Amino acid sequence: MLLSIKTSNKMADKGNWALAITVCVAGFLVVRADIITDAPVGQLFVYELHREVFQSEFEPFHKVFHGHVYNDPMVFKCNKERFPDLPQWLRFTQRDFYENGFLYGTPLPQDKGRNIIEIFVINKRSYDTFRERLVINVGPAVKRMPYQAEFFIERREIEKVLPAAVQKEIQLDIQHLWGTERLDFVNITSALDRGGRVPLPLPGYFEGVYVKLGSDRPFSKCMLRLVTPEHQRECEAGGKLTGDCSTCTNPINCITWCKSVLFDLSKPVPPAPLPTMGSGVLAWGGEFSPPESPPERDFFPDYIVTVIVPFALALILCLILAYIMCCRREGVLKRNAKTPDLQLYHHHTIQDNANELRRMASGDRLTVDPPRQCLQPLLMAEQAMAER
């Protein structure tokens with residue numbers, strides 16, 4: 001008896017352990033881990049939301065439907081956890097439902113810390129929703145970039161520049177211009193965020209993009225021409241620039257030199273001068289001399305224009321309206337004289353019949369005399385028989 005009880009207890013313990021392990025494994029498989037990434041201060045951060053990654057979360061992609069692969073339109077909604085919008089340094093863009101979304105921005109020193117971003121994916125075909133969390137750890141700057149330059153690319157849009165392959169193309173062109181490979185992106189901004197105009201929805205029109213790169217190497221001689229007076233005069237004149245020494249492998253990545261700026265942060269900025277402290281007593285400015293009173297003005301012409309003239313116009317309109325309503329009326333006798341007798345007879349007959357029906361409907365049918373119209377055919381028949 002004791003052996004059977006011990007054996008049953010051991011089997012129950014094994015069953016409980018198996019159930020617990022099953023629940024843990026199921027929970028581990030169901031719960032998705034957060035996406036964790038780092039963003040150093042002063043450098044561009046870009047995170048691309050790939051549609052094909054989220055497509056597997058919706059029906060019927062992960063089922064067999066005759067080998068058909070679905071490409072559903074998706075909308076990405078991003079916000080900071082427990083907040084309605086994103087952090088101040090982070091922006092989001094998605095041009096179309098069939099294109100990927102991008103989270104991008106440059107954190108500042110005051111943005112250090114942990115940022116939890118909630119990503120909601122809405123399937124526009126089935127209206128299913130999927131949620132994911134992105135954890136961005138903003139840490140201290142890892143590179144010192146005292147030399148920075150901002151270039152304007154006229155034939156680009158923000159969604160076309162954020163992919164890593166396009167950033168690499170632009171970086172290679174600027175490396176040849178700068179003369180160094182130690183370059184990193186500091187920021188990428190759309191021209192629309194700088195007050196630019198929205199382009200026409202036609203081929204060949206672009207919004208333009210500002211790209212800012214930094215390095216620990218000084219500027220090249222060609223780039224230093226941007227700060228010369230000759231370059232500024234050429235830009236103001238609108239002529240061809242003689243110092244354009246850039247080589248762009250792709251024509252749409254060419255730089256607009258008149259909108260390019262250099263930032264030399266290697267030199268310390270002198271502090272602003274302190275304000276000089278005075279005695280605190282205002283200087284004597286003499287006695288106050290009030291201005292003379294304005295000259296007299298005749299307001300009678302203004303009174304005529306603003307009161308008399310509108311009143312006269314209103315009176316004339318009232319007289320015209322009274323003449324039309326009272327003196328131009330036709331009158332009942334004149335109207336009856338112009339109306340044919342047969343039409344008047346029908347009109348009066350309709351009125352008499354209506355009055356008679358109202359009289360019959362208002363009183364008792366037994367006490368009311370029968371209508372005369374009903375007796376008219378009988379009277380006519382009796383009169384015809386008497387004449388025979």
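Residues numbered from 1 in each chain as written. Predicted model: local features only at pLDDT ≥ 70, side-chain atom pairs only at ≥ 80, totals over all residues. Heavy atoms only, no water.

1. So, the sheet that holds strand E3 (residues 74-80)
Inference 1: Across the sheet, four strands lie side by side as E1-E7-E6-E3; this open sheet has mixed pairing. Edge positions in the sheet fall to strand E1 (35-40) and E3, since each has one partner strand and no second. Strand-to-strand twist across the sheet, computed as the mean angle between neighbouring axes with direction ignored, equals 25°. (Pairing = 2+ DSSP bridges. Helix = DSSP H or I, 4+ residues; strand = E, 2+ residues; numbered from the N terminus. Axes fitted to C-alpha atoms, helices over the stretch in contact; angles between N-to-C directions.)

2. Quick look at the layout of surface pockets
Inference 1: For the largest pocket, the calculated volume is near 250 Å³.
Inference 2: Lining the largest pocket are 16 residues, and of these Gly42, Trp89, Thr106, Leu108 and Asn187 lie nearest its centre.
Inference 3: When grouped by side-chain class, the residues that make up the lining of the largest pocket number six nonpolar, seven polar and three charged. (1 Å grid on protein atoms, 1.4 Å probe; cavity = no way out; pocket = protein on both sides within 12 Å on 5 of 7 lines; lining within 4 Å. Points joined across faces, edges and corners; volume = space filled by probe spheres on them. Nonpolar A, V, L, I, M, F, W, Y, C, P; charged D, E, K, R; others polar.)

3. Some details on the state of the cysteines
Inference 1: Applying the stated rule across the entire model yields two disulfides.
Inference 2: The disulfide partner of Cys235 is Cys258, and the S-S distance across this bridge is 2.3 Å. The sign of the -95° torsion about the S-S bond sets the Cys235-Cys258 disulfide as left-handed. Of this pair, Cys235 sits in helix H6 (residues 229-237) while Cys258 sits in strand E11 (residues 255-264), placing them 23 residues apart in sequence. (Disulfide = S-S within 2.5 Å.)

4. Thoughts on the confidence of the model for the protein chain
Inference 1: Taken over all residues, the pLDDT of the protein chain has a mean of 82, while the share at 70 or more is 80%.
Inference 2: Note that residues 1-12 has pLDDT below 50 and, in this model, zero contacts with residues that lie over four places away or in other chains.
Inference 3: Across residues 23-31, where pLDDT falls below 50, the model places zero contacts with residues more than four positions away in sequence or in other chains. (pLDDT = per-residue confidence, 0-100. Contact = heavy atoms within 4.5 Å.)

5. Structural notes on the pairing of strand E8 (residues 147-153)
Inference 1: Summarising burial for E8: seven of the seven residues are buried, a large majority.
Inference 2: Of the two faces of E8, the one lined by Tyr147, Ala149, Phe151 and Ile153 and the one lined by Gln148, Glu150 and Phe152 are each fully buried.
Inference 3: Inspection of the sheet shows E8 paired to strand E10 (residues 209-215) by seven bridges, in the antiparallel sense. Bridging across to E10, Ile153 finds its partner in Val209.
Inference 4: Summarising the sheet, E8 and E11 pair through six bridges and their orientation is antiparallel. (Buried < 20%, exposed > 50% of the residue type's maximum accessible area, 1.4 Å probe, protein only.)

6. Quick word on the sheet that holds strand E4 (residues 90-93)
Inference 1: Spatially, E2-E5-E4 is the arrangement adopted by the three strands of the open sheet, whose pairing is antiparallel. Only two strands of the sheet have a single neighbouring strand rather than two, namely strand E2 (45-49) and E4. Strand-to-strand, the axes of this sheet are offset by a mean angle of 15°, without reference to chain direction.
Inference 2: Relative to strand E5 (residues 101-105), E4 runs antiparallel, the two sharing four bridges. Along E5, the bridge assignment pairs Arg91 with Tyr104.

7. Here's the deal with the packing of aromatic side chains
Inference 1: Throughout the structure, instances matching the rule amount to six aromatic pairs.
Inference 2: Geometrically, the ring pair formed by Phe45 and Trp89 is edge-to-face, given 6.1 Å between the ring centres and 70° between the ring planes. One end of the pair, Phe45, is in strand E2; the other, Trp89, is in the loop between E3 and E4, with 44 residues separating them in the sequence.
Inference 3: The buried category is assigned to Phe45, whose relative accessible area is 5%.
Inference 4: When the ring of Phe54 is compared with that of Phe76, the centres are 5.5 Å apart and the planes differ by 65°; the resulting orientation is edge-to-face. (Phe/Tyr/Trp six-rings, centres within 6.5 Å; stacked < 30°, edge-to-face > 60°.)

8. Considerations on the pattern of salt bridges
Inference 1: Counted under the stated rule, the structure contains 14 salt bridges.
Inference 2: Note that Arg133 and Asp34 form a salt bridge whose closest N and O atoms lie 2.5 Å from each other. Of this pair, Arg133 sits in strand E7 (residues 129-139) while Asp34 sits in the loop between helix H1 (2-30) and E1; the two residues are 99 residues apart in sequence, bridging distant segments of the chain.
Inference 3: Under the relative-accessibility criterion, Asp34 is labelled partly exposed at 29%.
Inference 4: Two residues, Glu157 and Arg95, come together in a salt bridge whose shortest N-O distance is 3.2 Å. Placement of the pair is Glu157 in the loop between E8 and helix H3 (158-161) and Arg95 in the loop between E4 and E5, with a sequence separation of 62 residues. (Salt bridge = Lys/Arg side-chain N within 4 Å of Asp/Glu carboxyl O.)

9. Re the nonpolar core
Inference 1: Counting residues in each nonpolar core, the largest one holds 28 residues, and the members touching the most others are Phe151, Ile170, Ile174, Trp178, Ile188, Val211 and Met223.
Inference 2: Looking at this core, the element that brings in the most residues is helix H4 (residues 164-178), giving five residues.
Inference 3: Not counting residues within four places of it along the chain, the set of residues in contact with Phe151 comprises Ile174, Leu177, Val209, Tyr210, Val211, Leu213, Met223, Ile255 and Ser260.
Inference 4: Core analysis: the second largest hydrophobic core is formed by 21 residues, Val41, Cys78, Ile117 and Phe130 among them. (Core = buried A, V, L, I, M, F, W, Y, C linked by side-chain atoms within 4.5 Å.)

10. Describing the side chain of Gln43
Inference 1: Along the chain, Gln43 falls in the loop between E1 and E2.
Inference 2: Residue Gln43 is classed as buried on the basis of its relative accessible area of 12%.
Inference 3: Beyond its immediate chain neighbours, meaning those up to four positions away, Gln43 contacts Gly105, Thr106, Pro107, Val142, Lys143, Met145, Asp184, Phe185 and Val186.

11. Some points on unusual backbone geometry
Inference 1: The phi dihedral of Arg82 falls on the positive side, at around 70°, and the residue is not glycine.
Inference 2: Looking at the element boundaries, Arg82 is found in the loop between E3 and E4.
Inference 3: Positive phi outside glycine occurs at Tyr127, with the angle close to 60°.
Inference 4: Secondary-structure assignment places Tyr127 in the loop between strand E6 (113-123) and E7.

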